[in-house]
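Each chain is listed here by its residues.
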Amino acid sequence: MKIMINGTATEVRAETLGAVLGELGYGDAKVATAVNESFVPATAREQTALSPGDRVEIVAPRQGG
């Protein structure tokens, strides 16, 4: 299915947010996620179903100074 990830159209096989994160190589990385502009906590990612055209945002913390 085709969804938007951080503003880029992306074809994924997974059907849940948790599975998409795994498919994209995020695994157990500490990231913040949102689907269609609604925050999704880590505990809800495996149960968050995605549909074609959904907009997913994945934000990873950065270090620096």
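Note that the structure is predicted; figures quoted are calculated from it, not measured. (Residues numbered from 1 in each chain as written. Predicted model: local features only at pLDDT ≥ 70, side-chain atom pairs only at ≥ 80, totals over all residues. Heavy atoms only, no water.)

(A) Local environment of the layout of surface pockets. Approximately 170 Å³ is the volume found for the largest pocket. Together, Gly18, Leu21, Gly22, Gly27, Asp28, Ala29, Lys30, Val31, Ala42, Arg45 and Glu46 line the largest pocket. Each residue belonging to the lining of the largest pocket can be placed in one class, and the counts come to four nonpolar, three polar and four charged. (1 Å grid on protein atoms, 1.4 Å probe; cavity = no way out; pocket = protein on both sides within 12 Å on 5 of 7 lines; lining within 4 Å. Points joined across faces, edges and corners; volume = space filled by probe spheres on them. Nonpolar A, V, L, I, M, F, W, Y, C, P; charged D, E, K, R; others polar.)

(B) Region of interest: the sheet that holds strand S1 (residues 2-5). Read across the sheet, five strands follow the order S2-S1-S5-S3-S4 without closing on themselves; strand pairing throughout is mixed. The sheet is open, and its two edges are formed by strand S2 (8-11) and strand S4 (38-40), each paired on a single side. Here the average twist between neighbouring strands, direction ignored, is 35°. Direction of pairing for S1 relative to strand S5 (residues 55-59): parallel, over a ladder of two bridges. The residue bridging Ile5 from the neighbouring strand is Val56, located in S5. (Pairing = 2+ DSSP bridges. Helix = DSSP H or I, 4+ residues; strand = E, 2+ residues; numbered from the N terminus. Axes fitted to C-alpha atoms, helices over the stretch in contact; angles between N-to-C directions.)

(C) The nonpolar core, seen in detail. One finds Ile3, Ile5, Val20 and Val56 to be the most contacted residues of the largest nonpolar core, which totals 13 residues. Among the elements of the structure, S1, helix H1 (17-23) and S5 are those that each provide at least two residues to this core. No other element matches H1, which puts three residues into this core. (Core = buried A, V, L, I, M, F, W, Y, C linked by side-chain atoms within 4.5 Å. Buried < 20%, exposed > 50% of the residue type's maximum accessible area, 1.4 Å probe, protein only.)

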